[in-house]
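Observations on the model geometry
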Amino acid sequence: MKDIAKRFTENPLLSPKDLRASHDGLEITCLLNPGVFQFQNKIWLAVRVAERPKQIESSISFPVLTDLGAIEIIEIIKDHPELTATDARVINYQGADYLTTLSHIRLLCSDGGRHFYEPEGYPHLVGEGILEAFGIEDCRVSLIEGKYYLTFTSVSSNGVGVGLRTTTDWKVFQKHGMILPPHNKDCAIFEEKINGLFYALHRPSSVDIGGNYIWIASSPDGIHWGNHKCIVRTRKQYWDSKRVGAGAAPIKTEKGWLEIYHGANEQHQYCLGAFLMDLNDPSKVISRTEDPIMFPSTDYELSGFFGNVVFTNGHILDSDNDTLTVYYGASDEFVCGALFSIKEILSLLKDL
Ligand code: MAN
């Protein structure tokens, strides 16, 4: 196994202590999984900020959003017989699932792509309404014909689905509601139409028959999706045996659409791999890496809020068309960066 990521020496680029919590009484637990875009000659991250109240020894407390957008704190005594809290990210209480943190999306920018700051005058993107009561997460940004499409995970007690907002100036956003209903996440829209249609990768989960596989869909308008096809499945005994999900928008190369994706195994180790889709019909997968191209190995990737995780949903391609800066979440707690060579990734793909 060869990890071909050249990690930034500045990593982690962002840690929870680097930003201020959105409300008094909350603290930032994790900064993770940024969407990435270019706007006004700067590199921007749409960072997922996960917050909760400062925890005390005897109980678990976490925020949820009310219908009116206010923050309500739920507190549960740790030895409550109807509490299951074995995963840092989710709990089950009296038969219902909750998230231990509430996420919103924050916009940060940078000149060189390594030192990010929060500029004045840009809104926080927060959950709104009953389908986003547990927050919004893991925003992917696609620029299509001058408009930015933001796809993100909308979480509530109703389930986990994909929400869409669009903008041209990052100040005013148009809301398109939930475009892919539960259970679905990891939606990355292609940045170019193909034969007149929008295309998107997405990841429904089928619990009984099927699994956590990557699908593709097309759309006449980028909002209403159909013609769904399952294109990449988990592989038994591999590093991506339990779940796979798309990263950011596919990258157009001479050989095909290149997608960097995440895969997890039964032990919840999250690594990155790649696959290539036909330029003219992206529902045809041509090749895929056998081994991960990046796996958790540094301190900040191995231990943190949820350790042993590298997860990406944003990157920037250099004007040389080869150097790819991948921004990624490490251990579900830090935002990091690494360089890849597109040529090197392409050389590791194995025909299917
Ligand atoms: C999983 C993880 C969490 C996330 C929830 C809801 O448990 O990806 O980080 O908060 O799903 O999307």
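This section reports on the structure supplied with the text. (Residues numbered from 1 in each chain as written. Predicted model: local features only at pLDDT ≥ 70, side-chain atom pairs only at ≥ 80, totals over all residues. Heavy atoms only, no water.)

This part takes up the overall build of the protein. The secondary structure content of the protein amounts to 2 helices and 26 strands. Here the protein has a C-alpha radius of gyration of 19 Å; the compact-globule value for 352 residues is 20 Å, and the two agree. Each of the three principal axes of the protein carries a C-alpha extent, and together these read 55 × 45 × 40 Å. Relative to its full complement of 352 residues, the protein shows a buried share of 58%. Residue pairs in contact within the protein that sit at least 24 positions apart in sequence constitute 52% of those at least 6 positions apart. (Helix = DSSP H or I, 4+ residues; strand = E, 2+ residues; numbered from the N terminus. Rg over C-alpha atoms; globule rule 2.2 N^0.38 Å. Buried < 20%, exposed > 50% of the residue type's maximum accessible area, 1.4 Å probe, protein only. Contact = heavy atoms within 4.5 Å.)

Overall, the coordinates contain 20 salt bridges when judged by the stated rule. One salt bridge in this structure joins Glu137 and Arg48, with 3.3 Å as the shortest N-O distance. Linking Glu137 in strand β10 (residues 136–144) with Arg48 in strand β3 (residues 42–52), this pair joins segments that are 89 residues apart in sequence. Take Glu137 and Arg48: they sit in the same class, and that class is buried. Shared partners join several salt bridges into a network, and the residues in it are Asp3, Arg7 and Glu301. (Salt bridge = Lys/Arg side-chain N within 4 Å of Asp/Glu carboxyl O.)

Here we come to the site of the ligand. The full set of residues close to the ligand is Arg48, Arg89, Leu99, Glu137, Thr153, Val155 and Lys185. A distance of 2.7 Å separates an oxygen atom of the ligand from a polar atom in the side chain of Glu137. Lys185 places a polar side-chain atom, nitrogen or oxygen, 3.0 Å from an oxygen atom of the ligand. Out of a free accessible area of 300 Å², the ligand has 80% covered by protein chains. Residue classes in the shell around the ligand are distributed as 2 nonpolar, 1 polar and 4 charged. (Near = heavy atom within 4 Å. Polar contact = N/O pair within 3.5 Å; in protein donor to acceptor, adjacent residues only side chain to side chain. Areas by Shrake-Rupley, 256 points an atom, 1.4 Å probe, with all protein chains shown as cover. Nonpolar A, V, L, I, M, F, W, Y, C, P; charged D, E, K, R; others polar.)

Once that is clear, we can look at the pairing of strand β14 (residues 184–189). Counting buried residues along β14, 5 of its 6 residues qualify, which places the element largely inside the surrounding structure. Sheet topology note: the β14/strand β15 (residues 198–204) ladder contains 4 bridges and is antiparallel. When the bridges of β15 are listed, Ala188 appears paired with Leu201. (Pairing = 2+ DSSP bridges.)

Further remarks concern the nonpolar core. Counting 24 residues, the largest nonpolar core has Leu258, Met294, Tyr328, Phe340 and Ile345 as its most contacted members. Sorting the residues of this core by element identifies β20 (257–264), β21 (270–277), β24 (323–330), β25 (334–341) and α2 (342–347) as the ones contributing at least two each. Setting aside residues up to four positions removed in sequence, Leu258 forms contacts with Pro250, Ile251, Thr253, Ala274, Phe275, Leu276, Ile342, Ile345, Leu346 and Leu349. Ranked by size, the runner-up nonpolar core spans 19 residues in total, among them Ala188, Ile231, Trp239 and Val285. (Core = buried A, V, L, I, M, F, W, Y, C linked by side-chain atoms within 4.5 Å.)

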